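Secondary and tertiary structure notes
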Amino acid sequence: MEETLLMIPGPTRVAPRVLKVMSDAIMNHRSADFAEILTETNEMMSEIFQTKNPAYTITGSGTAAMEAAVGNILNKGNKILNIVGGKFGQRFAQIAEANGGSTIVHNVEWGTGVNPDDVKNILDEDDEIKAVTIVHNETSTGVTNPIEEVGNIVKNYDALYVVDTVSSLGGDDVAVDDYNIDICVTGSQKCLAAPPGMAAITVSDKAWEVIDKVDSSSYYLDVRKYRKYASNEPSETPYTPSVSLMYAMREALNVIMEEGLESRIKRHHLAAEATRNGVKAIGLELFADEDVSSATVTAIKMPEGVTDKDMRGAMRDKYGIVLAGGQDHLKGNVFRIGHMGNVTYKDIVTTISALEMTLKGLGFDVELGKGVGAVADTYLASPHF
Ligand SMILES: *Cc1c(COP(=O)(O)O)cnc(C)c1O
């Protein structure tokens, strides 16, 4: 049987060599041998986060790291500013509320990026705001927020800067220290192309000062325990980690190091540009403003007269390609192509070709080959291909 092509914004295709290490024998998670794997993994995570600070892996999905980020910095009633322009921005606000925070939501129209000046104005008006959360790559809308610019603002205030890079780290520029990020979180199953189930977090000195004075609202996700156990000899995690996933995580990060972070990011940007050009050439409209369009996922308006069920159904059943639907009020009106992780030229060509055939089959006026031609032109015009 033909293998299904996952063109969704996570989980993404995992390289065979990464899958293979998960069948290695389970070892004692409190042994010197496992400590070596853990330390190597955390050190590579720091390198990918582009920070001098340690990074910690957490067994759990990306949301666990989001919760660790917020739950460790808030005492009951502390004010937190949440920038919300999509599903994951909302999630950060919900997590802050669930952890006793008093949330101030700054709503940004879905499909657009935040205006950094607005963040400055809000911070100027309220000096009790203890932290600002933002989602770098809003996976639900295909928008990349200007996290560097916002970081340059937040650093001037007595507030921590908390950034979700779950669907961008390893696929787009994220320089934690240069962008003045205090707490940055990510997940294994998106651009890092590891299996789902692991998350990572890094914490600045400014954030530790706050964390050390706060009663963490979580036991399992108390990051002080992760810091303490990591410094043990041999290095450990506070509780039993998913040992097999840690093998996979290390191998996936090895793959990234071999490719080189910079090349990998260029590959993602090129895949995104080719995807956008391909869908536009077919005659479809992008959902997000193009000047803030994501390097890792593209949201596209569902063409008039075509239903999500028919379109994504045919893509999946006839062509073996899985696309993502819209979330929340975008359900049915938008579909999304994930181009993150190990995505190649072949994947984009195949996807755009199948999209042309699917839409033609559904009666949409498509000139076959136009989208594929635009993809090919984009790749040929790039110096990085
Ligand atoms: C996928 C994702 C998450 C985390 O989701 P999990 O299902 O918990 O891994 C968080 N933020 C963004 C932007 C994401 O794309």
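Here's the deal with the site of the ligand
- The full set close to the ligand counts 14 residues, and Ser61, Thr63, Thr139, Asp164 and Lys190 are the nearest of them.
- Glycine 62 places a polar main-chain atom, nitrogen or oxygen, 2.9 Å from an oxygen atom of the ligand.
- Here glutamine 189 contributes a side-chain N or O atom positioned 2.8 Å from an oxygen atom of the ligand.
- If the ligand stood free it would expose 380 Å²; the protein chains cover 89% of that surface.

Topic: the pattern of salt bridges
- Applying the stated rule across the entire model yields 20 salt bridges.
- Residues glutamate 40 and arginine 250 are paired through a salt bridge, measuring 3.4 Å at the closest nitrogen-oxygen approach. A residue pair is termed long-range when its members are at least 10 positions apart, and glutamate 40 in helix α2 (residues 32-49) and arginine 250 in helix α9 (residues 243-259) qualify at 210 residues.
- Among the ionic pairs, glutamate 290 bridges to arginine 276, the shortest N-O distance being 3.5 Å. Of this pair, glutamate 290 sits in the loop between α10 (261-282) and β11 (297-301) while arginine 276 sits in helix α10, and the two are 14 residues apart along the sequence.
- Overall, arginine 276 belongs to the buried group, its relative accessible area being 14%.
- By sharing partners, the salt bridges in this structure join Arg17, Glu251 and Glu258 into a single network.

Description of the packing of aromatic side chains
- This model, assessed by the stated rule, comprises six aromatic pairs.
- Geometrically, the ring pair formed by tyrosine 345 and phenylalanine 385 is tilted, given 5.4 Å between the ring centres and 45° between the ring planes. Taken as a pair, tyrosine 345 in helix α12 (residues 345-361) and phenylalanine 385 in the segment after α13 (370-381) lie far apart in primary sequence, 40 residues in all.
- We classify tyrosine 345 as partly exposed; its relative accessible area is 32%.

Things to note about the domain arrangement of the chain
- Per the domain assignment, the segments making up the chain are domain 1 (5-9 + 261-381) and domain 2 (17-258).
- Here the C-alpha centre of domain 2 lies 28 Å away from the C-alpha centre of domain 1.
- In total, domain 1 and domain 2 occlude about 2100 Å² of area from one another, counting both sides; carbon and sulfur atoms represent 56% of this.
- The largest share of the area that domain 1 buries against domain 2 comes from Leu261, Arg264 and Gln327, three residues that together contribute 25% of it.
- Here domain 1 and domain 2 share one salt bridge between them.
- Of the charged contacts, one joins lysine 87 and aspartate 328 as a salt bridge, the two residues approaching to 3.1 Å between their closest N and O atoms.
- Across the contact surface, domain 1 and domain 2 share eleven residue pairs in polar contact (both at pLDDT 80 or more).
- Counting residues per element, the ones that place at least two in the side of domain 1 that touches domain 2 are α10 and β11.
- Among the elements that line the side of domain 1 that touches domain 2, the one with the most residues is α10, at five residues.
- When the residues that make up the side of domain 1 that touches domain 2 are grouped by side-chain class, the tally is eleven nonpolar, nine polar and four charged.

The rules behind the values
- Here the residue index of a chain counts from 1 through its sequence in written order.
- Only residues with pLDDT of 70 or above have their local features reported here, since the model is predicted, and side-chain atom pairs are shown and tallied only from 80 upward, although totals for entire chains, interfaces and linings are computed over all residues.
- Where side-chain values are given, they derive from all heavy atoms of the structure, hydrogens and water being excluded.
- Residues are counted as near a molecule or strand when any one of their heavy atoms sits within 4 Å of it.
- Here a polar contact is recorded for every N or O atom pair within 3.5 Å, except that within protein the pair must consist of a potential hydrogen donor and a potential acceptor, and residues adjacent in sequence are included only if both atoms are side-chain atoms.
- Per-residue and other accessible areas were derived by the Shrake-Rupley procedure at a 1.4 Å probe size, with only the shown protein chains allowed to occlude residues.
- A pair is scored as a salt bridge if a Lys or Arg side-chain nitrogen falls within 4 Å of a carboxyl oxygen belonging to Asp or Glu.
- Helix numbering and strand numbering both begin at the N terminus, where a helix is a DSSP run of H or I of at least 4 residues and a strand a DSSP run of E of at least 2.
- Residue burial is assigned from relative accessible area. The probe radius is 1.4 Å, only protein chains are included, and a residue is buried under 20% of its type maximum, exposed over 50%, and partly exposed in between.
- Note on ring pairs: Phe, Tyr and Trp rings are taken, using the six-membered ring of Trp, and paired if centres are within 6.5 Å. Classes follow the plane angle, with under 30 degrees stacked, over 60 edge-to-face and the rest tilted.
- Throughout the structure description, domain borders are defined by an automatic or database domain assignment.
- Once two parts are brought into contact, the accessible area they lose, counted with a 1.4 Å probe and summed over both, makes up the buried area.
- Residues were grouped as follows: Ala, Val, Leu, Ile, Met, Phe, Trp, Tyr, Cys and Pro as nonpolar; Asp, Glu, Lys and Arg as charged; and all remaining residues, including Gly, as polar.

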